[in-house]
Amino acid sequence: MSLRLFDTAARSLVDFEPLRPGKIGLYTCGPTVYNRVHIGNLRTFVWEDVMCRAFRSLGFDVTQVMNLTDIDDKTIRGAIAEGLPLRDFTDRHIATFFEDLKTLNVIPAAVYPRATDHVPEMVEIVKKLTERGHTYESDGSIWFRIASFPSYGKLSRVDLSSMKRGARVADDEYEKEDVRDFAVWKGAKEGEPESALWETELGKGRPGWHLECSAMSMKYLGETLDIHTGAVDNVFPHHENEVAQSEGATGKTFVRFWLHAEHLIVDGEKMAKSKGNFYTLPDVLARGFSPRAVRYLLLSVPYRQKLNFTFDALRGAVSALERLESLETRLGERAGAAGADGASEAFRGRVEEARRSVRAAWEDDLNSAASLGALFAFVKEANTALEGGQLDPADAAAARALLREVDGVLGVLAPAEDASLEAEVEAKIAARQDARKRRDFAASDAIRDELAARGILLEDTPQGVRWRRKS
Ligand code: AMP
Ligand code: ZN
């Protein structure tokens, strides 16, 4: 099979080929840095990380660009409220954003351009749009005339029948009912801080939000992008307006594949700052959940389905992870054990089959749930084989290598233990066993507690003591 992706513009699965063989240019709309992101936003960012990792596992070389929206209506409001220059205000929220990505084991994008560092590029696009007859000036701002772009609406299929010619919308965000001409350059207004204004050929002012993404995506990835993503709320007006501006300026196709993720919801409603129904990552971690469990939950639902966030679902993610980790630990022990090394053909065949099923799931529109399904079918068989004493050390090593390989995309397992930690823990376990033999339970409990404090749990089993990291 080859890679198929669901393209929002086509409303169907389409075979994917990049523009340049083997290379993917991917633009992922980043956060508006006016407060800490919530786990709904993080669902989208984790999905994009899994997407990059999956493309790489399929052999593509991926360049991911994620912008930081550090100037728009919301960041300006926030900076004014806190009495800070815009950049100082957004710096803070950029720092916590990167912290959250790191905690969730997200591989950094190639670049994280900030809108405020790209105002000259935005001015150039406005000039081109003006040369090509797509803009007009009014109320001190420059507007995109959507009637000048006949295919306006082709991405979102928004209803244009109610569109009022010449009517304008000044806000960065607006609803479908407000299909209107939108601002590409907003003239300076009373009360706006100097730190949020630029003196340019277009006059003093600031860019419209949509223009920012047109400028940054084309600067880093060229005028035609392979893939552009965001969550479904970005389709209109943000992405529709990006298409109008970019294609209006270049005359070329802007994006070949549009991918949009469904929302994370709570009690049937989109998680959103404005609704107050949100959790940040620190909120969830404070309740004792590990970042890896959060990541697992976020990627466990296919991206085109809504993800209903509950703490029960998160507990489910904890147990699923424990199953994976416990298998990995036992496979590691078996792989290191002495014994016959006559790998079984049948088991190796199963490893290969599982590898193929996982790959097929990624090729099928990045289906993370199907890839987990294939993985857990394999986990079940590996557990049975282990418990039945049928796994040779070489089989166990092959199975463990498969888990690690699949986790290269999922990113949910604890990092492979380094040899020194393993040796140290084993030595402590031996000391604890000695203490127990001496019936010195205070000493043996102290060793167990010390390891627990470091996140290492001991389990007494008929085969001896096992250890694993707490998830
Ligand atoms: P914003 O900071 O509002 O620009 O949002 C950053 C990203 O998170 C955008 O791609 C949004 O579409 C996405 N997003 C916002 N709310 C949710 C949600 N509840 N679930 C998933 N993604 C979301
Ligand atoms: Zn964007």
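For the structure given in this document, a descriptive report is provided here.

Basis of the calculations
Residues numbered from 1 in each chain as written. Chains lettered and ligands numbered in written order. Predicted model: local features only at pLDDT ≥ 70, side-chain atom pairs only at ≥ 80, totals over all residues. Heavy atoms only, no water. Pairing = 2+ DSSP bridges. Helix = DSSP H or I, 4+ residues; strand = E, 2+ residues; numbered from the N terminus. Near = heavy atom within 4 Å. Polar contact = N/O pair within 3.5 Å; in protein donor to acceptor, adjacent residues only side chain to side chain. Areas by Shrake-Rupley, 256 points an atom, 1.4 Å probe, with all protein chains shown as cover. Buried < 20%, exposed > 50% of the residue type's maximum accessible area, 1.4 Å probe, protein only. Contact = heavy atoms within 4.5 Å. Axes fitted to C-alpha atoms, helices over the stretch in contact; angles between N-to-C directions. Left-handed = near helix turned anticlockwise from the far one by under 90°. Nonpolar A, V, L, I, M, F, W, Y, C, P; charged D, E, K, R; others polar. Parallel < 35°, antiparallel > 145°, perpendicular 65-115°, else oblique. Donors = N, O, S within 2.8 Å, 3.2 Å for Na, K, Ca; no water. Salt bridge = Lys/Arg side-chain N within 4 Å of Asp/Glu carboxyl O.

**Structural notes on the sheet that holds strand E14 (residues 269-270)**
Next up, step 1: With mixed pairing, 3 strands are arranged side by side in an open sheet as E14-E13-E15. In the strand order of this sheet, the two ends are held by E14 and strand E15 (307-308), each with one partner.
Next up, step 2: Where strand E13 (residues 264-266) and E14 come together, 2 bridges link them in antiparallel fashion. Of the residues in E14, the one forming a bridge with Val266 is Glu269.

**Observations concerning the site of ligand 1**
Next up, step 1: Taken together, 15 residues lie near ligand 1, and Thr32, Thr44, Asp233, Leu264 and Met271 sit nearest.
Next up, step 2: The separation between an oxygen atom of ligand 1 and a polar main-chain atom of Thr32 is 2.9 Å.
Next up, step 3: Here Asn41 contributes a side-chain N or O atom positioned 3.0 Å from an oxygen atom of ligand 1.
Next up, step 4: Protein contact buries 92% of the 490 Å² of open area that ligand 1 shows by itself.
Next up, step 5: It is helix H1 (residues 39-57) that provides the largest number of residues to the shell around ligand 1, a total of 4 residues.

**Notes on helix H2 (residues 73-82)**
Next up, step 1: Listing the buried residues of H2 in full gives Asp73, Lys74, Thr75, Ile76, Gly78 and Ala79.
Next up, step 2: Residues of H2 that are buried sit in contact with helix H3 (86-103), strand E8 (181-187) and strand E10 (203-207).
Next up, step 3: One side-chain oxygen at the N-terminal end of H2 lies 3.1 Å from the backbone nitrogen of Lys74; it belongs to Asp72.

**What about the packing of helix H9 (residues 311-336) against helix H12 (residues 393-410)?**
Next up, step 1: For the pair H9 and H12, interaxial distance at closest approach is 8 Å and the crossing angle is 145 degrees. Remark: the crossing between H9 and H12 carries left-handed chirality. Every residue of H12 that contacts H9 at Leu324, Leu327, Glu328, Leu331, Gly332, Arg334 and Ala335 is listed here: Pro393, Ala396, Ala397, Ala399, Arg400, Leu403 and Arg404.
Next up, step 2: In the contact of H9 with H12, the residues fall into 9 nonpolar, 1 polar and 4 charged.

**A short note on the packing of helix H10 (residues 345-363) against helix H11 (residues 368-387)**
Next up, step 1: The N-to-C vectors of H10 and H11 enclose an angle of 165 degrees; their axes lie 7 Å apart at closest approach. When the axes of H10 and H11 are compared, the pair comes out roughly antiparallel. Our pair here, H10 against H11, has a crossing hand that is left-handed. Residues Phe347, Arg350, Val351, Ala354, Ser357, Val358, Ala361 and Trp362 of H10 form the contact with H11, whose participating residues are Ser368, Ala370, Ser371, Ala374, Leu375, Ala377, Phe378, Glu381, Ala382 and Ala385.

**Things to note about the sheet that holds strand E3 (residues 23-28)**
Next up, step 1: Spatial ordering of the open sheet is given by E4-E3-E11-E12, a layout of 4 strands whose pairing is parallel. The strands lining the two open edges of the sheet, one partner per strand, are strand E4 (61-66) and strand E12 (255-261). Adjacent strand axes in the sheet meet at a mean angle of 25 degrees when their direction is disregarded.
Next up, step 2: Here E3 runs beside E4; their pairing, made up of 6 bridges, is parallel. The partner of Gly25 across the bridge, within E4, is Thr63.
Next up, step 3: Packing of H1 onto the sheet brings it into contact with E3, E4, strand E11 (225-231) and E12, and relative to E11 it is tilted by some 150 degrees.
Next up, step 4: Here helix H5 (residues 209-221) sits on the sheet in contact with E3, E4 and E11, set at roughly 160 degrees to E3.

**Things to note about the coordination of the zinc ion (ligand 2)**
Next up, step 1: Each protein donor to the zinc ion (ligand 2) is listed here as Cys29 (SG), Cys213 (SG) and His238 (NE2); together their distances run 2.1 to 2.2 Å.
Next up, step 2: Written as a sequence motif, the donor residues of the zinc ion (ligand 2) are C-x183-C-x24-H. On the criterion of sequence distance, the pair formed by Cys29 in the loop between E3 and H1 and His238 in helix H6 (residues 235-250) is long-range, its members being 209 residues apart. With respect to class, Cys29 is no different from His238; both count as buried.

**Concerning the pattern of salt bridges**
Next up, step 1: In the structure shown here, the tally under the stated rule is 44 salt bridges.
Next up, step 2: For Arg36, the salt bridge identified is with Glu99, shortest N-O distance 3.2 Å. In this pair, Arg36 is assigned in the loop between E3 and H1 and Glu99 in helix H3, connecting sequence segments 63 residues apart.
Next up, step 3: On the basis of relative accessible area, Glu99 is assigned to the partly exposed category, the value being 45%.
Next up, step 4: The residue Asp460 makes a salt bridge to Arg432 at a minimum N-O spacing of 3.6 Å. One end of the pair, Asp460, is in strand E16 (residues 456-461); the other, Arg432, is in helix H13 (residues 419-437), with 28 residues separating them in the sequence.
Next up, step 5: The exposure class of Asp460 is partly exposed, given its relative accessible area of 43%.

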